Every structure is written in structure tokens, then in C-alpha cells.
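# Observations on the three-dimensional arrangement
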Amino acid sequence: MTAYGSHCKRNEPAFLNSCVVAISNSTFSFISGFAVFATLGHLAYLEGLDSVGDLEYSSFGLVFGSWPVALGTLPGGQHWIRLFFVMLFMLGIDSAFSFMEAFLTVLYDTKLFCNVDRKKASLVLTACAFLLSTLYATDAGLIFLDSVDYYINFVIIFVGFVKCVTAGWVYKIESQIERLGPKIVFAYIATTFGSVLLACAMWFGVGNAAAGFVGLFISYAMGISYVGYLMSKQMQEDPTITWSDMIFDLTMSNVMELREDLISSVGHIPVAWAFLIRHFIPPVLLILFFLGADATTIDEDGNEVKVFGNYGGYASPYQILGILTVVFAGFLVASSLIFPKMYNALQTVDETETNMSVDKKNIDEIEMAEKDQTITTCAGDRQFSSGGELI
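Here the structure is a predicted model, which means the values were calculated and not measured. (Residues numbered from 1 in each chain as written. Predicted model: local features only at pLDDT ≥ 70, side-chain atom pairs only at ≥ 80, totals over all residues. Heavy atoms only, no water.)

### A word on the nonpolar core
Nonpolar side chains in soluble globular proteins generally cluster together in the buried interior. Put simply, the rule is: The term nonpolar core refers to a set of buried residues drawn from Ala, Val, Leu, Ile, Met, Phe, Trp, Tyr and Cys, joined through side-chain atoms within 4.5 Å. Only protein chains enter the accessibility calculation, which uses a 1.4 Å probe; a residue is then buried when its area is under 20% of its type maximum, exposed when over 50%, and partly exposed in between. Numbering of helices and strands starts at the N terminus; helices are DSSP runs of H or I of at least 4 residues and strands are runs of E of at least 2.
Grouped together as the largest cluster of nonpolar side chains are 24 residues, with contacts concentrated most on Ile184, Val227 and Leu250. Only helix 6 (141-170), helix 7 (173-180), helix 8 (182-206), helix 9 (209-237), helix 10 (243-251) and helix 12 (271-294) provide two or more residues apiece to this core. A per-element tally of this core places helix 8 first, with 10 residues.

### Section: the side chain of Ser253
Following the sequence through the fold, Ser253 ends up in helix 11 (residues 253-266). The class for Ser253 is buried, based on a relative accessible area of 7%.

### Some remarks on helix 2 (residues 14-46)
The line we're drawing: Multiplying 1.5 Å by the helix residue count minus one yields the expected span of that helix. Residue contacts are defined here by distance: any two heavy atoms, one from each residue, within 4.5 Å place the two residues in contact.
Given a rise of 1.5 Å per residue, 33 residues ought to cover 48 Å, and the 48 Å separating the end C-alpha atoms of helix 2 matches this to within 8%. When we look at burial in helix 2, the residues that qualify are Val36, Thr39, Leu40, Leu43 and Ala44. Buried residues belonging to helix 2 abut helix 3 (61-72).

### Examining the packing of aromatic side chains
Our working rule: Aromatic contacts are taken between Phe, Tyr and Trp rings whose centres are within 6.5 Å, Trp giving its six-membered ring; a plane angle under 30 degrees counts as stacked, one over 60 as edge-to-face, and the others as tilted. As a reminder, the over-ring test applies to NZ of lysine and CZ of arginine, requiring each to be within 6 Å of the ring centre and within 35 degrees of the ring normal.
Applying the stated criterion across every chain, the model contains 18 aromatic pairs. Ring centres of Phe30 and Phe34 lie 5.0 Å apart, and the angle between their planes is 85°; this geometry places the pair in the edge-to-face category. Of this pair, Phe30 and Phe34 both sit in helix 2, 4 residues apart, which is roughly one turn of that helix. Since its relative accessible area comes to 57%, Phe30 is described here as exposed. Residue Phe34 is classed as exposed on the basis of its relative accessible area of 55%. Measuring from ring centre to ring centre gives 5.9 Å for Tyr311 and Tyr314, while their planes differ by 75°; the resulting arrangement is edge-to-face. Tyr314 gets classed as partly exposed once you look at its relative accessible area, which sits at 25%. Above the face of the Tyr108 ring, Arg118 is positioned so that its terminal group lies 4.9 Å from the ring centre. The ring of Trp169 is capped by Arg278, whose NZ or CZ atom sits 3.9 Å from the centre of that ring.

### Here's the deal with the packing of helix 11 against helix 12
Using the following cut-off: Lines are fitted to the C-alpha atoms to define the axes, a helix being fitted only along its stretch in contact, and any angle between axes, read from their N-to-C directions, falls within 0 to 180 degrees. Each angle gets one of four labels, with under 35 degrees taken as roughly parallel, over 145 as roughly antiparallel, 65 to 115 as roughly perpendicular, and the rest as oblique. Crossings are sorted by hand: turned counterclockwise from the far helix by less than a right angle, the near helix makes the crossing left-handed, and turned clockwise it makes it right-handed. Three categories are distinguished: nonpolar for Ala, Val, Leu, Ile, Met, Phe, Trp, Tyr, Cys and Pro, charged for Asp, Glu, Lys and Arg, and polar for the others, with Gly belonging to the last.
Interhelical geometry of helix 11 versus helix 12 gives an angle of 135° and a closest axis separation of 9 Å. For the element pair helix 11 / helix 12, the angle class is oblique. Crossing of helix 11 over helix 12 shows right-handed handedness. In this structure, helix 11 contributes Asn254, Val255, Met256, Leu258, Arg259 and Leu262 to the contact, and helix 12 contributes Val271, Trp273, Ala274, Ile277 and Arg278. Class assignment for the residues of the contact of helix 11 with helix 12 results in 8 nonpolar, 1 polar and 2 charged.

### Quick notes on the environment of Ala295
Topologically, Ala295 is positioned in the loop between helix 12 and strand 1 (296-298). Judged by relative accessible area, Ala295 falls into the partly exposed class, the value being 29%. In this structure the C-alpha to C-alpha distance between Ala295 and Lys306, which are 11 residues apart in sequence, comes to 5.8 Å. Those residues in contact with Ala295 that lie beyond four places of it in its chain are Val305, Lys306 and Val307.

### Focus: a nonpolar patch on the surface
Heads up, the rule is: Patches here are clusters of residues that have more than 30% relative accessible area and form no salt bridge, with a 9 Å joining cutoff for like charges and a 5 Å cutoff for nonpolar side chains (Val, Leu, Ile, Met, Phe, Trp, Tyr). Here the accessible surface of atoms and residues is derived via Shrake-Rupley with a 1.4 Å probe, and residues count as covered only by protein chains that are part of the display. The salt bridge definition used is simple: a Lys or Arg side-chain nitrogen within 4 Å of an Asp or Glu carboxyl oxygen.
Among the surface-exposed residues, Phe328, Phe331, Leu332, Leu337, Ile338, Phe339 and Met342 lie close enough to one another that they form a single nonpolar patch of about 770 Å² accessible area. Secondary-structure assignment places Leu337 in helix 13 (residues 316-338).

What follows is the structure, encoded as C-alpha cells:
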């Protein structure tokens, strides 16, 4: 989404586009759900079953198992099935284009790859993707795919959390610290996320919902009280500061500055967006992450086990591959915080540098054109001179 959004015009209405994409995607998924479960209901009726739950279709089996059977009941069913798998193949190719283009867009925004030939980069990327995807072409490919598909949900939640924290909390935090002081800023951050983490530990670790809510409210109240104490001390040192100014500065200033910076390029962005990005979405994503990690299932022996690490009852190699995707995402974020210089080569190219590079390229092209013209003119003069002698 970010890579494709970067191809839009600078003054494109980002908020409107986001709403259109999100609503269209959700509507399509909603309609697809009706289609899939209607098909399953039909299959359950044909097999004389009492409910859809009695069918043995799940995960990718919903596509590869249910639809071919349902299409096979139509007149000329085998041809409909062939067209169905051709459609799936075309969707796979289209998704491959999408993934590759998004990856290349990010690479070409960096100083390291901005001057690399696009065809060569596409060839290398395609070859690497082909080699890595051979794993999914084996007999166990669907199991690997199903396992990775489950664990990738944790990566998506984690990346969304990091993006929201970066936009809502980290953006221009230096200037916020200069105005309020590090103690107030970091105490507020610790209060907001510490209370949620404590509640998650009570909800999903101890398994006591009531204790989780009590811990959430008490820890947040204690933290906010301490933040208020620090703010009152600073107001005593500087009487010109008011409570309203400090509260706004602490809770909304940096994300509102981000909103103003974006509005100058992408048009209207509602204030609700800024509030949600800072105060609502990050805690919700954090809770969803731990909720997913705490989900349980029943194994083959009838014991209750965590789904995380035992998804689908698959063997350890399948679980390890999926878990490694989550660990890798965490490593990228942690290493960028601890050792930011590791990623210096992937810094984005400044607009000035891009313009200078374009100008240099244009100058080189002009010089080459003038040189070619000079050579052509000289060659013409020599030919005319030679022709004159012959005459």
C-alpha cells in the first residue's frame, strides 16, 4: 500500500483514497464470504449433513476443495473447474507482480539501489523469489503455506503497531522533549503502554479478566498522577505555561504537526485520524497481538494447547518456519533501534540529491548530443571537402 501510494500525485487526496480502498476491500471480502459459505451450505446439503461445520474444509481447502466440487455440479462442470484454476493462476501471477513492484519501489528509493538498472534488479529479485518459493512447490507446500500464512498475521499486526507508534509518538519527539522535558514525555509513554502491557499480562498470562481491568485502570491512574505531578513542577518553574497548553502538547502536539505536514501535500485529513493513530490503534493492536498469541486449541490427544507454536497440529519444522517470520520482523525493528547505522545504506534519497542526479544526467545527455553533432558536422565537412577534390 505504501509503495503504490508513493506513485500517486503529490496532491492526491490520500484520506479519500484510503477510505475507498478499505471499504472496497472489506465489501469484496464480505461478498466473498457469502459466496464461500453458500457453496459450503450447498455441499453440506448434497452430502446430507446437518451443518456446514460437519464439512472437512478449512483454510486453503475452502478454495481448492469446495469450489471445484461446487462448480463440478454445473453443466459442463469440468470446463468451469479448468477456468477456475486458470483464474487462480492468473491471480497468483498478478500478486507476484504486485509484490515485486512494491519491493522494487522501496529499493529504488534508497541511495544504494537508486542507480541500479531496473531490469537487472527485477531479474535478481525474481530469481531469488523463485528459489525461495520452490519450498511451496513440494508435497508439503500447502502445509508450509498455511503455517506461514497464520504466523504472518502477527507480523502484520506488529508492523501496524510500529507504524502507528512511529507516526503518533516518535514523530518530532525531540522538539516535544525540548518543550516538556524528557521525564514528562517518557513517563507518559510508559504510562500509556505500560498499563496496557500489565493488563495483557493479567488477561492472557494469569487468565483473570477482572484483575486485568483493575490493573489497567490503577496503573494508568498512578502513571497519570505522576505525570501531572511533573507537569505541576514545571509550571511552577515557568508560570507562563498553562495546563491546557501542556496537556495538548503532551497528548496531541506531535501527531497534529504530522497531520499539518501531510495536509500540505495530500489534502484534508480529519482530526479523528490523529487521535486514533496516537491513542486508540496502538493499544488495540497490542491487545490483538497478545490475544492471538494466547489463543488455544485442542490437540490430537484432547489436550488444550496454545495455537501459537501448535497451529494446525503441524510438525515442528512447519511451526519454526512460521515463527521465524515473526522473529525476523522483530529483529528488523530492534536492530534499527539499537544499531541504526546498519541501515545507512538503505537511507532514502533526498529530493535535492534526486534533482541533482537528474540535472547531471540531463547535462551529460546534452554534452553527448553536442559531441555527436560536432562529430557529424566534422564528418560532413570532410565528405564535402573530399567531394570537392574529386570534382
